[in-house]
Amino acid sequence: VLSMMAALPSFARADKSDNTKSERTLTVNGQADVMAFPDRARINLGAEAQESDASQATTKVNAIMNNALVNIKKLGIRDDAIQTTQVNLYPVYAPQKSSDTSPPPVVAYRAANTVQVTVDDLSLIGKVLDAANRAGANRQNGVNFELKDDTVAKAQALRKAAAEARTKAQAL
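Given the structure is predicted, the values throughout are model-derived calculations rather than measurements.

A.B. asks: How should the packing of helix α1 (residues 54-73) against helix α2 (residues 125-134) be read in this particular structure?
C.D. replies: Packed helices, taken two at a time, are described by their axes: the angle between them and the distance between them. The interhelical angle for the contact between α1 and α2, taken along N-to-C directions, is 145°, at an axis separation of 8 Å. The chirality of how α1 crosses α2 is right-handed. Two secondary-structure elements touch here, α1 through Ala68, Asn71 and Ile72 and α2 through Val128, Ala131, Ala132 and Arg134.

A.B. asks: Whenever I open this one, the pattern of salt bridges confuses me. Can you help?
C.D. replies: Pairing between side chains of opposite charge can happen when the charged atoms of each approach one another. Enumeration according to the criterion identifies nine salt bridges in this entry. Between Asp79 and Lys73 there is a salt bridge, and its shortest N-O distance comes to 2.7 Å. The exposure class assigned to Lys73 is partly exposed, which follows from its relative accessible area of 39%. Note that Lys168 and Glu164 form a salt bridge whose closest N and O atoms lie 3.5 Å from each other. Of this pair, Lys168 and Glu164 both sit in helix α3 (residues 151-171), four residues apart, which is roughly one turn of that helix.

A.B. asks: Would you explain the sheet that holds strand β6 (residues 139-146) in this entry?
C.D. replies: Consider a sheet: its strands pair through backbone hydrogen bonds, and that pairing is either parallel or antiparallel. Spatial ordering of the open sheet is given by β4-β5-β3-β6, a layout of four strands whose pairing is antiparallel. The outermost strands of the open sheet, each flanked by one partner alone, are β4 (82-93) and β6. Averaged over all pairs of adjacent strands, the angle between their axes in this sheet comes to 15°, without regard to strand direction. One ladder, built from six bridges, connects strand β3 (residues 40-51) with β6; its direction is antiparallel. Bridging from a neighbouring strand, Ala41 pairs with Phe145 of β6. Across the sheet, α2 lies against β3, β5 (106-119) and β6, angled at about 15° from β3, the strand it touches most.

Conventions used here
The residue numbering used here restarts from 1 in each chain and proceeds along that chain's sequence as written. This being a predicted model, a pLDDT of at least 70 is required before a residue's local features are given, and a value of 80 or more before pairs of side-chain atoms are given or counted; all residues contribute to the totals for chains, interfaces and linings. To get the side-chain values, take all heavy atoms of the structure and skip hydrogens and water. Working convention: axes come from line fits to C-alpha atoms, limited for helices to the stretch in contact. Angles between N-to-C directions cover 0 to 180 degrees. By definition, any uninterrupted DSSP run of H or I lasting at least four residues is a helix, any uninterrupted run of E lasting at least two residues is a strand, and each is numbered from the N terminus. Throughout, a crossing is termed right-handed when the near helix is turned clockwise from the far one, and left-handed when it is turned anticlockwise from it by less than a right angle. Only heavy atoms enter the contact rule, under which two residues are in contact if any of them lie within 4.5 Å. A pairing counts as a salt bridge when a side-chain nitrogen of Lys or Arg comes within 4 Å of a carboxyl oxygen of Asp or Glu. Think of it in three bands: with a 1.4 Å probe and only protein chains considered, a residue is buried below 20% of the maximum accessible area for its type, exposed above 50%, and partly exposed in between. At least two DSSP bridges between two strands are needed for those strands to be called paired.

Now the structure itself:
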């Protein structure tokens, strides 16, 4: 669903006998929704691993994601349809007693790597997720649907919103 709003000024003139010749502006709003079927999906997925050493955690998560990308590319997904969106490395601290005032020691490191895969064939969404899962990817951060070209839908919604605003202005 694509929603658009339009605002149109409506001019109210003072009586011609009035020598002030002031113009007043009244703004009205119009809103419209247009339904369109998506023809593109952006799949967000990744892997997270925890190890005692930062390099081990990074190596493990990179190996998982490299294997996931090999599997995904076997589906015919091009390199330019895959984009890394995040790479993170966090320390994991030991639990602490509330009475302990010293900083907690680092006991492990958690590495994460996330990519976005863009597909124009929506039947590939499940296959992409399965391919990544088979490689050990353990993060599925959602699928976003969109239009490859939303120009026509936006223009249609804007025309409808402007027509609604015009009708409101004429009623005043």
